[in-house]
Amino acid sequence: MSGLTWLEVVLRAVAVLAAFLVLPLLVGQTEHKVMAHMQGRLGPMYAGGFHGWAQLLADGIKFVQKEDVVPARADRSAFRLAPGVALVPYLVALAVIPLAPGVVGAKVDASALLVLAVIGVGIIGTLMAGWASANKYSLLGAMRAAAQLVSYELPMVLVVASVALAAGTLSLVGIAQAWTPWWLLWQLPGALVFFVAGLAELQRVPFDMPVADSEIVFGPYTEYTGLRFAFFLLAEYAGIVVMALLFAVLFLGGWAGPWAATVGWLWTLLKGLVLAVVVIWFRVSWPRLREDQLQRLAWVWLVPIALLQLAVTAVGVVMMR
Amino acid sequence: MTGNLDRPDPDDLERPVVDLSPPGGAPSKVKGGEPDGGRGGSGLSGILPGIVQGLATTARTMTRHTHTAEYPDVRPQLPPRSRGVIALLDENCTSCMLCARECPDWCIYIDSHKEELPPTTEGGRARQRNVLDRFAIDYSLCMYCGICVEVCPFDALFWSPEFEYAELDIHDLLHEKPRLSQWMATVPAPPALDPGSADPAEVTAAAKPARPARPVRGERAPGPGRPSRPPRADPQQTPPVPPADGDV
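The rules behind each value
Residues numbered from 1 in each chain as written. Chains lettered and ligands numbered in written order. Predicted model: local features only at pLDDT ≥ 70, side-chain atom pairs only at ≥ 80, totals over all residues. Heavy atoms only, no water. Helix = DSSP H or I, 4+ residues; strand = E, 2+ residues; numbered from the N terminus. Areas by Shrake-Rupley, 256 points an atom, 1.4 Å probe, with all protein chains shown as cover. Phe/Tyr/Trp six-rings, centres within 6.5 Å; stacked < 30°, edge-to-face > 60°. Buried < 20%, exposed > 50% of the residue type's maximum accessible area, 1.4 Å probe, protein only. Axes fitted to C-alpha atoms, helices over the stretch in contact; angles between N-to-C directions. Parallel < 35°, antiparallel > 145°, perpendicular 65-115°, else oblique. Left-handed = near helix turned anticlockwise from the far one by under 90°. Nonpolar A, V, L, I, M, F, W, Y, C, P; charged D, E, K, R; others polar. Contact = heavy atoms within 4.5 Å. Expected span 1.5 Å × (residues − 1). Bend = angle between axes of the 7 residues up to and from the residue. Salt bridge = Lys/Arg side-chain N within 4 Å of Asp/Glu carboxyl O. Pairing = 2+ DSSP bridges.

Participant: So what exactly am I meant to see when it comes to the overall build of chain B here?
Facilitator: When helices and strands are counted, chain B shows 11 helices and five strands. If you sum the accessible surface of chain B, you get close to 18800 Å²; carbon and sulfur atoms cover 57% of it.

Participant: What is the right way to read the packing of aromatic side chains from this model?
Facilitator: Remark: the centre distance and the inter-plane angle together describe each pair of aromatic rings, the angle taken between the planes. All names here are of chain B. Per the stated rule, a full pass over the model turns up 21 aromatic pairs over all chains. Considering the side-chain rings of Tyr71 and Phe163, the 5.7 Å spacing of their centres and the 45° angle between planes classify their relative orientation as tilted. Remark: Phe163 occurs in the loop between strand 4 (157–160) and strand 5 (174–175) and Tyr71 occurs in the loop between helix 6 (50–63) and strand 1 (85–88); sequence separation between them is 92 residues. The class for Tyr71 is partly exposed, based on a relative accessible area of 31%. The partly exposed category is assigned to Phe163, whose relative accessible area is 32%.

Participant: Whenever I open this one, unusual backbone geometry confuses me. Can you help?
Facilitator: Apart from glycine, the bulk of residues carry a negative phi angle, and the bulk of peptide bonds sit in the trans form. Residues and elements named next belong to chain A. Cis geometry is found at the peptide bond from Val205 to Pro206, where omega equals 5°. By the secondary structure assignment, Pro206 is in the loop between helix 8 (188–201) and helix 9 (213–216). Although it is not a glycine, Ala134 sits at a positive phi angle of roughly 55°. Tracing the backbone through its elements, the reader meets Ala134 in the loop between helix 4 (111–132) and helix 5 (136–167). What makes Ala134 partly exposed here is its relative accessible area of 47%.

Participant: Sorry, what's going on with the packing of helix 5 of chain A against helix 12 (residues 291–320) of chain A here?
Facilitator: Residues and elements named next belong to chain A. Here helix 5 crosses helix 12 at 10°, and the two axes come no closer than 8 Å. By the criterion of interaxial angle, the relationship of helix 5 to helix 12 is roughly parallel. In this structure, the crossing between helix 5 and helix 12 has a hand that is left-handed. Looking at the contact of helix 5 with helix 12, its residues break down into 21 nonpolar, six polar and two charged.

Participant: How do you make sense of the packing of helix 4 of chain A against helix 5 of chain A when you look at a structure like this?
Facilitator: Each pair of packed helices can be summarised by the angle the axes make with each other and by the distance between the axes. Residue and element names in this part refer to chain A. Helix 5 packs onto helix 4 with a crossing angle of 170° between their chain directions and a minimal axis gap of 8 Å. Overall, the two elements helix 4 and helix 5 adopt an arrangement that is roughly antiparallel. Listed contacts from helix 5 to Ala112, Leu116, Gly120, Ile123, Thr126, Leu127, Gly130 and Trp131 of helix 4 are Ser138, Leu139, Ala142, Met143, Ala145, Ala146, Leu149, Glu153, Met156, Val157 and Val160. Looking at the contact of helix 4 with helix 5 residue by residue, the classes come out as 14 nonpolar, four polar and one charged.

Participant: Explanation requested: the environment of Lys33(A) in the structure shown.
Facilitator: All names here are of chain A. Tracing the chain through its elements places Lys33 in helix 1 (residues 6–38). Exposure remark for Lys33: the relative accessible area of 16% places this residue in the buried category. The sequence separation of Lys33 and His51 amounts to 18 residues, and the corresponding C-alpha distance is 8.9 Å.

Participant: How should I be thinking about helix 3 (residues 76–96) of chain A in this particular structure?
Facilitator: The periodicity of an α-helix, 3.6 residues per turn, causes residues three or four places apart in sequence to face the same way. Counted at 1.5 Å a residue, the expected span for helix 3 of chain A with its 21 residues is 30 Å, and the 32 Å between its end C-alpha atoms agrees. Helix geometry: helix 3 of chain A is bent most strongly at Ala82(A), by close to 30°, with proline Pro83(A) lying one to four residues after it.

Participant: Explain the interface of chain B and chain A here, please?
Facilitator: A common way to express how large an interface is: the accessible area buried when the components associate. With 13 residues of chain B at the interface, the matching set in chain A holds 14 residues. Among the residues making up the side of chain B that touches chain A, the classes are represented as five nonpolar, six polar and two charged.

Participant: Can you walk me through the environment of Ala126(B) in this structure?
Facilitator: Residue and element names in this part refer to chain B. Relative to the helices and strands, Ala126 resides in the loop between strand 2 (108–117) and strand 3 (127–138). For Ala126, a relative accessible area of 28% gives the class partly exposed. Residues Ala126 and Glu116, spaced 10 residues apart in sequence, show a C-alpha to C-alpha distance of 6.5 Å. Those residues in contact with Ala126 that lie beyond four places of it in its chain are Glu116, Leu117 and Pro119.

Participant: Before we go on, may I ask you to explain the pattern of salt bridges in this structure?
Facilitator: Any two side chains of opposite charge can pair, given that their charged atoms come close. Residues and elements named next belong to chain A. The full count for this structure, using the stated rule, is 13 salt bridges over all chains. We note a salt bridge from Asp68 to Arg228, for which the minimum N-O separation is 2.8 Å. Of the two residues, Asp68 is situated in the loop between helix 2 (55–65) and helix 3 and Arg228 in helix 10 (residues 226–251); the sequence distance between them amounts to 160 residues. Residue Arg228 is classed as buried on the basis of its relative accessible area, which comes to 18%. A salt bridge links Arg144 to Glu215, with the shortest nitrogen-to-oxygen separation between them at 2.8 Å.

Participant: I tried to follow the sheet that holds strand 2 of chain B on my own but got confused; where do I start?
Facilitator: Backbone-to-backbone hydrogen bonds join strands into a sheet, with any given pair of strands oriented parallel or antiparallel. Residues and elements named next belong to chain B. Reading across the sheet, the three strands line up as 2-3-5 and stay open at both edges, with antiparallel pairing between neighbours. Every interior strand has two partners, whereas the edge strands, strand 2 and strand 5, have only one. Two strands pair when backbone bridges link them, and strand 3 and strand 5 are joined in this way by two bridges, in the antiparallel orientation. Bridge pairing links Asp138 to Leu174 in strand 5.

See below:
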């Protein structure tokens, strides 16, 4: 790291920021279109001319023009800070997720650990939003988000530990390099647990109780307007990007594939995109779980499976040594 | 209507029970009235949970054609007899006011005056006729019931499928005679009759052969309410009248 010049640092930061602004929009547009076609609709068709490709840009321009309302009884500073707290962790996470051995925003040795840590911080933004809004629905949503975080962070950390154990390193680059197709079977339960827990962390269907619109309006984001609301939405889609890329790197070998040396980064993005489409697919197909079902799934199924996966990985590592 | 609905119901309940009883186990589920549950009990879908069926459904839908109507770009396929707007054929209007009076929300405005027509023959009587000055329909009030179209005895009002006459101000929805007449061009020809249906009344009336003169029935006494018609001096009295005609 010390070998970097200032210029290189700035360039890398700009590149990460660009990816952070472009990839979530790409996922969002994919969601618009895939969801529409899964429901027998066309989705946006006008913005930008060709099949509504600029719909999310138009949405962004609209959000900028909206008034930024802070409720009178709200905790103003926490209310204003919350979208940033929700958004920035995903930016940090995106910076350390490698697309290929050389294509990474910042080289960190224990990047898997760092990613898990900052993703946990993102939920605090939701909590802050819910608490600061002075709205009962916001508070309920925030409490649900907190309960979800507590339940699903544990199996997620356990399965990442399992992968790290299998690879013998906490570096995401190292994990992806240690990956072999054999892992698809060996780490399959862990992969499933990671995917389910990731969905829950992102508060995506079927784990979107924190923003359950039919019950608590829009949960912690009820009182938000304009750009701050857009930031929360951006955080959600950035979260999908981060989770999908993380899954691709941890369980699908990241850049592993034909001509990995030259177009490896494309493989990582492609795998991530497929996973993002699966996330969207779930949203279209499934109803929302009930809050108690959510907790039951986490503690009765995911945590035991994750522990079992950890044990299987440990046995495997010892046997292969 | 209710009788028709009631009758098939027991049959529908009975038939599946009879059909499904050989495989076994199914009838009780069918009686429960949950078709998916009944299907889920047998075959692969019993092993695959419902969530996979949901995924399959959405994936299948994605591969099929969408239902979206791209309206401003693609004109909609309107059904025949669409009630878009009411068009006025003002030459046919006699200002009889029937439409205005039958209109449930009184959205038709008619002004007319009487005009004296000079007698066509020397020493004849001058005739009067109504001249339509104003005919307006307030489409902000109209509820598209079509009673005015039905009630018009002179075929002056027609349904047109035209529907693109939205306005920014509600007051602009009051359309006067010239505008209503413009819509006449969009009135479609009446739809073709269904095969095997009876001819319209006017066609049958025109196609009917001239009625033969009634035979004199001297032996039957004329009905009490029926004025007796004096027998016409007609040489064609011989053709026999069918008995049905005599009853009518």
